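A structural walkthrough
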Amino acid sequence: MNQSVHIFRKDARHLWPEILVSLALLGALLWVTPHNHGTPDPDVPWLYPLLGGFLKFLIPVTWLVLISRLVHDEPLVGDRQYWITRPYTWYGLLGAKLLFLVAFVYLPLFLVQAILLHHAGLHPLLAGGPFLKNFGYLTAIFILPMLALAAVTSTFIRFALSVLAAIVYLIAAITVAAFVAPSKLAVPYMGYVEGTLLVAVPLAALLLQYAYRRTALARALLIATPAVAFLLILATPAATLIGHEYATALPLHGTFDPNPGYQVTEPGEPAIARGKVLLQLPVVIGGLPMRSALQSQHVIVTLDGVAGAAGPAVHYNSGWSETVSSLNPGPRPSRLLLTLPADVYNRVKDTPVTLHVTLGVEQLEAGTPYTITATAAPFPIPASGACRVDAETGSLDCAFPFSNSKPIGITGAAVTGTCSNPSPSTPASSGLAASIPTPEFDPVSSQQARFGVLTDGSANLCPGAKLDFAVARTTAKGSVTIDIPAITLSSYAMRITAPPRPQVQ
Amino acid sequence: MPPVLAAIETAQLTKSYGNTQALQPTTLGVPAGAVFALVGHNGAGKTTLIKILMNIFAPTAGTATVLGQPTAALTGAAFERIGYVSENQDLPLWMTVRQFLDYNKPFYPTWEIGNLVQQLELPLDRKLKNLSRGMLMKAALASVLAFQPELIVLDEVFSGLDPLVRDELIAALIAQTRRTTGTPATIVVSSHDLGEVESFATHVGFLHQGKFLFTEEMAALTARFRAVTVTFPGTVMPITQPPAETALPQMLGPADIRMPAAPPASWLMLERAGNTVHFVHAHADTENLQAQVAQHFPAAAGISAEPMTLRSIFLALAKSGRVPSEPTPNGPVPVPSPAAYASR
């Protein structure tokens, strides 16, 4: 530890200009970011977003320079460094570098983000988990790979070229992966496996370099990682894993609602994206308790069309494919989104076909509701968030530290008029969707909740309204099947010229 | 740490880069307390050997121990006992001399800078990047001498230095071998200039194309080799006899000189120049020169046997063809002495 502190002090003394620039940019971020949380400046609405974007580019670049200069102060590549024949311990040296990053990257960023959270009405101390998660992402995606690259290069120029080469290499690998495996699926646990690989290998390369200075091996590890990840994607039995994930048949029954009111009757060509036609089918999920919902990410569509005047018989099975559908309880149908290859669609679009749909779903249930009085000033809500009522727009503006980790259902009383001239209150509902956490400089994740009433209209929320916030939790995972004996697909294909939306939830 | 008899030992130590063998199998022992001069031309393999000894390079084959520790284990605290300075070492040039010395101090429990700064006349407040090469070497050496290492390894640090600076460095080094506190240092100093290490080395090893031509104690080496001039009637020798390879005795008249068909194996570079005969004797300390000359040159009028410089000895060996130019079969091991070559 003493050696780490000693080397750290030397690095801090040597790299003070780089440290100063990095801290100044973080200070600028602290000044600019709050301007982007509220309403843009009417005179120069472009200024702060532009500055914010510029800083989000400049700060990582500064950190790249800082990491390179830091590691290259005791370069690990080469045979002329004076320090390698001095009593340095590898862990003392690595510890010094990590101490430096904590002191001049993590800590200043933490302070800036804590102040920004406080400014947005969020309590920084309640955001320990999101902070750790954000720093974890920052480390895994940026700091660790950059440290590893700096450890296998000897100068900043070589490091910068390696970073560029790595970016080109990654883009090429992703492009090839998308080309070779276009129907890429979100395979359960695959994210953890790939994430572990992408963290473990740079970490191993870094430790290998500091402990043994095995540059060739460390470089080989770094070069092999994206290739191994790519091969892993190709070799993964995605369909088997997804099928295993949804092996349990849930005690729910889905039925197709043939009500013509939900059909698309307007003329026009169907919208085709990436060779597929998007269908939206009205379905009702029986047996789903109130205050519950189904989220579907995967689906198998089996289509059978009999031979006739339109052509020969058609059989199509999609295998597990992706969908994003949210299905609600109650008698009103929900929209189930499916895709079909355009050539299959065109062969059967005007003749009745049989559809068998297997949905892989996650069943969510609203937890204990918390009743909170909505105010124009920020007030805390579950999941470490904070909201405020915007009386002008009648919406609920909410903020979360970094991201909203759980979906939240909101019910309460709203008015159909304005807050200054309100109509009688009516039950209304809204929700805050969960978002995927990504590494962010701006720790405030904003969401706006607009309220709707059951009579198919929007409503305005006014200060003083009592709202119930319920955080949703997953209660089950499994499959639900829907059999549709006869359906004419052209009546449910989304059009290029958007028709009036069917009246579904 | 128990005292180590041999500061450095290697066995069959080899280093290859692809198909190029930079260091042929080498067995070497440097006794503790010695000043070992590792000499050889540029590219002979001196730096490769030193970098293996310092665990900067891994050997391709063979083993080496330094101060009793395998070289592969030389990390961290092991370098509290070893000081290494190289002519092309990357030093933290942004530091001043004072910062450099202060920065190194906490790494060494035995750090005692004493009057080294004054002795080497180091400008403490000047940045390393602004120092001349000689001054930079002095600063690097000061950072090594200050912790009184048991082993000091210097790779070509004297190259290109002016004589004054070189003498200062050598004086500082010699002081380390005579220090009264702690163990006297063992010094390994590499150079491509035989003359610059001759004055203070106690042992010498000559590396040529990755192979030791000889390693020997300096005193034994210089005692054994003599530049011999045999004079015959009618020859006047110069007042001062120059080294054998440059001597051209004046010839004042003919003489009946018969060159021996089978001279002793210890006679190298036997040649006649007018009325004199010159050769290098490789065993002048053990063989009876007078008797040998009398036997092979009965007409000899006088014999002169002069000590030789290290450079002269090596040139004599090289010119006499006793220096092997091909690798020794089956690797080779004991480092051959000049005597071994002389007796082939």
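Conventions used here
Residues numbered from 1 in each chain as written. Chains lettered and ligands numbered in written order. Predicted model: local features only at pLDDT ≥ 70, side-chain atom pairs only at ≥ 80, totals over all residues. Heavy atoms only, no water. Helix = DSSP H or I, 4+ residues; strand = E, 2+ residues; numbered from the N terminus. Areas by Shrake-Rupley, 256 points an atom, 1.4 Å probe, with all protein chains shown as cover. Disulfide = S-S within 2.5 Å. Domains from an automatic or database assignment. Pairing = 2+ DSSP bridges. Axes fitted to C-alpha atoms, helices over the stretch in contact; angles between N-to-C directions. Contact = heavy atoms within 4.5 Å. Buried area = accessible area lost by both parts, 1.4 Å probe. Salt bridge = Lys/Arg side-chain N within 4 Å of Asp/Glu carboxyl O. Polar contact = N/O pair within 3.5 Å; in protein donor to acceptor, adjacent residues only side chain to side chain.

**Structural notes on the overall build of chain B**
If you tally the helices and strands in chain B, you get 10 helices and 16 strands. Only carbon and sulfur atoms are counted for the fraction: they give 54% of the accessible area of chain B, which is about 14,900 Å².

**A look at the state of the cysteines**
Residues and elements named next belong to chain A. According to the stated counting rule, one finds one disulfide over all chains in the structure shown. Note on cysteine connectivity: C387 is disulfide-linked to C398, with sulfurs 2.0 Å apart. Because the sign of the S-S torsion sets the handedness, a value of about 105 degrees for the bond joining C387 and C398 places this disulfide among the right-handed ones. Linking C387 in strand β11 (residues 385-390) with C398 in strand β12 (residues 395-401), this pair joins segments that are 11 residues apart in sequence.

**Quick notes on the domain arrangement of chain A**
By a widespread convention, an interface's size corresponds to the accessible area lost as its parts come together. Domain boundaries assigned for chain A yield domain 1 (2-236), domain 2 (253-366 + 476-491) and domain 3 (375-464). When each unit is reduced to the centre of its C-alpha atoms, the spacing between domain 1 of chain A and domain 2 of chain A is 44 Å.

**Here's the deal with the sheet that holds β12(A)**
All names here are of chain A. Ordered in space as β10-β11-β12-β15, the four strands form an open sheet in which the pairing is antiparallel. Here the strands that pair on one side only, and so sit at the sheet edges, are β10 (379-381) and β15 (444-449). Within the sheet, the average angular offset between the axes of one strand and its neighbour, ignoring direction, is 30 degrees. Where β11 lies against β12, five bridges are found, and the strand directions are antiparallel. The residue bridging V389 from the neighbouring strand is L396, located in β12.

**As for the interface of chain B and chain A**
Listed as interface residues are 30 residues of chain B and, on the opposing side, 18 residues of chain A. Buried area between chain B and chain A, both sides added, is near 2,000 Å², and the carbon and sulfur share of it is 59%. Among the residues of chain B in contact with chain A, B:W94, B:Y103 and B:F107 are the three that bury the most area, contributing 33% of the side total. For the interface between chain B and chain A, the tally reads one salt bridge. In this structure, A:D79 and B:K51 form a salt bridge, with 3.3 Å as the shortest nitrogen-oxygen distance. Applying the counting rule to chain B against chain A returns 10 residue pairs in polar contact (both at pLDDT 80 or more). Considering each element in turn, the side of chain B that touches chain A owes the most residues, five residues, to helix α2 (residues 97-104) of chain B.

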